Amino acid sequence: MANITRIAIVDSGAGGIALLRKVMHLPYNFLYIADTEYMPYGDKARNTLIERAYHLADYAIDKFEAQLIVVACNTLTVAAIDALRNKYNGVTFLGCEPPLKQALQYTASNALLVCTQYTAQRYYKMQLPNVRVNALPRLASMVEQGSTDKQICQYIANNTNGFDCDCIALGCTHYSHVKHCFEQVYPALKIFDSVDGAVAHLRKTVLKKHRGNMQSSIQWYLTKPSEQTLGMYNKLLYSKYQ
């Protein structure tokens, strides 16, 4: 593969911005695709998610000439990453998976995975020992809607109350934006973020492929265009960037 210079990051909405924030200073051309027309993904059927994944990949490849596509969504990774890799030759796809490996290295007995309904169904079926799976169906939409920290903390508390666990694995990139809310609700617990593993994998992959000097750039594509949403996404990206 030629040197990678063009990277697309796809998500149902704002979740992947948590990943973009950590890599946007690297010398690549980034395209952020938010499938706002179909957000949220957690209640969609697998066939629908695969169709959306193809649509987003087609745009990234045809319009942006993406050489690498990051599926910065746990739900879309679960549903479609294999289908994407089988369909598109010559394009690298990286997924985003719940940080259960890190969580179970931290605690051998009691991890809580919080995620969307679709992701939860997949991990329920796996029946992983020492992992409790809990869907938070409204949380991604609450992040998109700009709910207050108080509202989000209350939602988390109401929907995880009584769970006995040693750590929490965030299995949705939207949850990365409100990690501090999980820390407020559970100050004694270790919180693991799926974005961290995806960022490490991306850095390892692209830094091996990239040669030469260039400035970074960011383009946006929302499948349901909205100046208000785009403004919120830009604010979310830059206001917390360190």
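Let me sum up the structure you'll find in this document. (Residues numbered from 1 in each chain as written. Predicted model: local features only at pLDDT ≥ 70, side-chain atom pairs only at ≥ 80, totals over all residues. Heavy atoms only, no water.)

## A closer look at helix H11 (residues 227-239)
As a reminder of what qualifies: Comment: elements are numbered from the N terminus, with helices defined as DSSP H or I runs of at least four residues and strands as E runs of at least two. One less than the number of residues in a helix, times 1.5 Å, gives the span that helix is expected to have. Only protein chains enter the calculation, and the probe is 1.4 Å; a residue is then buried if its accessible area is under 20% of its type maximum, exposed if over 50%, and partly exposed in between. An arc is given here, and it is the one of the directions from the helix axis to the C-beta atoms. Any two residues whose heavy atoms approach within 4.5 Å are treated as being in contact.
Over its 13 residues, H11 extends 18 Å from the first C-alpha to the last, a length consistent with the 18 Å expected when each residue adds 1.5 Å. If you check which residues of H11 are buried, you get Tyr233, Leu236 and Leu237. Down the axis of H11, the smallest arc covering the buried residues is 95°, so these residues share one side. Of the exposed residues in H11, the ones pointing more than 90 degrees away from its buried face are Glu227, Gln228, Lys235 and Ser239. Where H11 is buried, its residues meet helix H1 (17-23), strand E2 (29-34), helix H6 (139-144) and strand E9 (217-222).

## A closer look at the sheet that holds strand E6 (residues 131-135)
Quick note on the threshold: In this analysis, strands are considered paired if DSSP registers two or more bridges between them. Think of each axis as a best-fit line through the C-alpha atoms, taken over the contacting stretch in the case of a helix, with angles from 0 to 180 degrees between the N-to-C directions.
Spatially, E6-E5-E7-E8 is the arrangement adopted by the four strands of the open sheet, whose pairing is parallel. Each end of this open sheet is capped by a strand with a single partner; those strands are E6 and strand E8 (190-193). Between one strand axis and the next, the sheet turns by 25° as a mean value, whatever way the strands run. Here strand E5 (residues 111-115) runs beside E6; their pairing, made up of five bridges, is parallel. Across the sheet, the residue bridging to valine 114 is asparagine 134, located in E6. Contacting E5 and E6, helix H5 (residues 117-126) runs over the sheet at an angle of about 155° to E6.

## Section: the sheet that holds E2
Spatially, the five strands line up as an open sheet ordered E4-E3-E1-E2-E9, and their pairing is parallel. Two strands in the sheet have a free side with no partner beyond their single neighbour: strand E4 (92-94) and E9. Within the sheet, the average angular offset between the axes of one strand and its neighbour, ignoring direction, is 20°. Pairing between strand E1 (residues 6-11) and E2: six bridges, direction parallel. Each residue of the ladder has a partner; that of isoleucine 7, found in E2, is phenylalanine 30. Against the sheet, helix H2 (residues 46-64) touches E1, E2, strand E3 (68-71), E4 and E9, its axis set at about 150° to E2.

## Examining the packing of H2 against helix H3 (residues 74-87)
Threshold: Angle categories: roughly parallel below 35 degrees, roughly antiparallel above 145, roughly perpendicular from 65 to 115, and oblique for all the rest. Should the near helix be turned anticlockwise from the far one by less than a right angle, the crossing is left-handed, and should it be turned clockwise, the crossing is right-handed. Under the scheme applied here, ten amino acids are nonpolar (Ala, Val, Leu, Ile, Met, Phe, Trp, Tyr, Cys and Pro), four are charged (Asp, Glu, Lys and Arg), and all others, including Gly, are polar.
The N-to-C vectors of H2 and H3 enclose an angle of 55°; their axes lie 9 Å apart at closest approach. Looking at the two axes, H2 sits oblique to H3. Handedness of the H2/H3 crossing: right-handed. Here H2 contributes Arg46, Leu49, Ile50, Ala53, Tyr54 and Ala57 to the contact with H3, which in turn contributes Thr75, Leu76, Ala79, Ala80, Ala83, Leu84 and Lys87. Among the residues making up the contact of H2 with H3, the classes are represented as 10 nonpolar, one polar and two charged.

## A short note on helix H7 (residues 149-160)
With 12 residues, H7 extends 16 Å from end C-alpha to end C-alpha; this agrees with the ideal 16 Å at 1.5 Å per step. Of the residues making up H7, those classed as buried are Ile152, Cys153, Tyr155, Ile156 and Thr160. The arc that holds the buried residues of H7, viewed along the axis, is 160°, so those residues lie on one side. Turned more than 90 degrees off the buried face of H7, the exposed positions are Lys150 and Asn158. Two residues or fewer past H7, glycine 162 is found with a positive phi of approximately 90°.

## Digging into the packing of aromatic side chains
Short version of the rule: Two aromatic rings, drawn from Phe, Tyr or Trp (for Trp, its six-membered ring), form a pair once their centres lie within 6.5 Å of each other, and the interplanar angle then sorts them: stacked below 30 degrees, edge-to-face above 60, tilted otherwise. The rule is short: NZ of Lys or CZ of Arg within 6 Å of the ring centre and within 35 degrees of the ring normal puts a charge over the ring.
This structure, assessed with the given rule, holds eight aromatic pairs. Ring centres of tyrosine 106 and phenylalanine 192 lie 5.7 Å apart, and the angle between their planes is 65°; on these two criteria the pair is classed as edge-to-face. Of this pair, tyrosine 106 sits in helix H4 (residues 100-106) while phenylalanine 192 sits in strand E8; the two residues are 86 residues apart in sequence, bridging distant segments of the chain. Sitting over the face of the ring of tyrosine 123, arginine 122 holds its NZ or CZ atom 5.1 Å from the ring centroid.

## Looking at the nonpolar core
Grouped burial of nonpolar side chains is what soluble globular proteins tend to show. Quick reminder of the rule: By nonpolar core is meant a set of buried Ala, Val, Leu, Ile, Met, Phe, Trp, Tyr and Cys residues that side-chain atoms within 4.5 Å join together.
Ile7, Ile9, Leu19, Leu68, Val70 and Leu202 are the most contacted members of the largest nonpolar core, which has 29 residues in total. Elements represented by at least two residues in this core include exactly E1, H1, E2, E3, helix H10 (194-209) and H11. Look past the residues within four positions of valine 70 in its chain and what remains in contact with it is Ile7, Ala8, Ile9, Val10, Leu19, Leu94 and Leu202. One finds Ile33, Ala66, Tyr88 and Tyr221 within the second-largest nonpolar core, a separate group that totals 27 residues.

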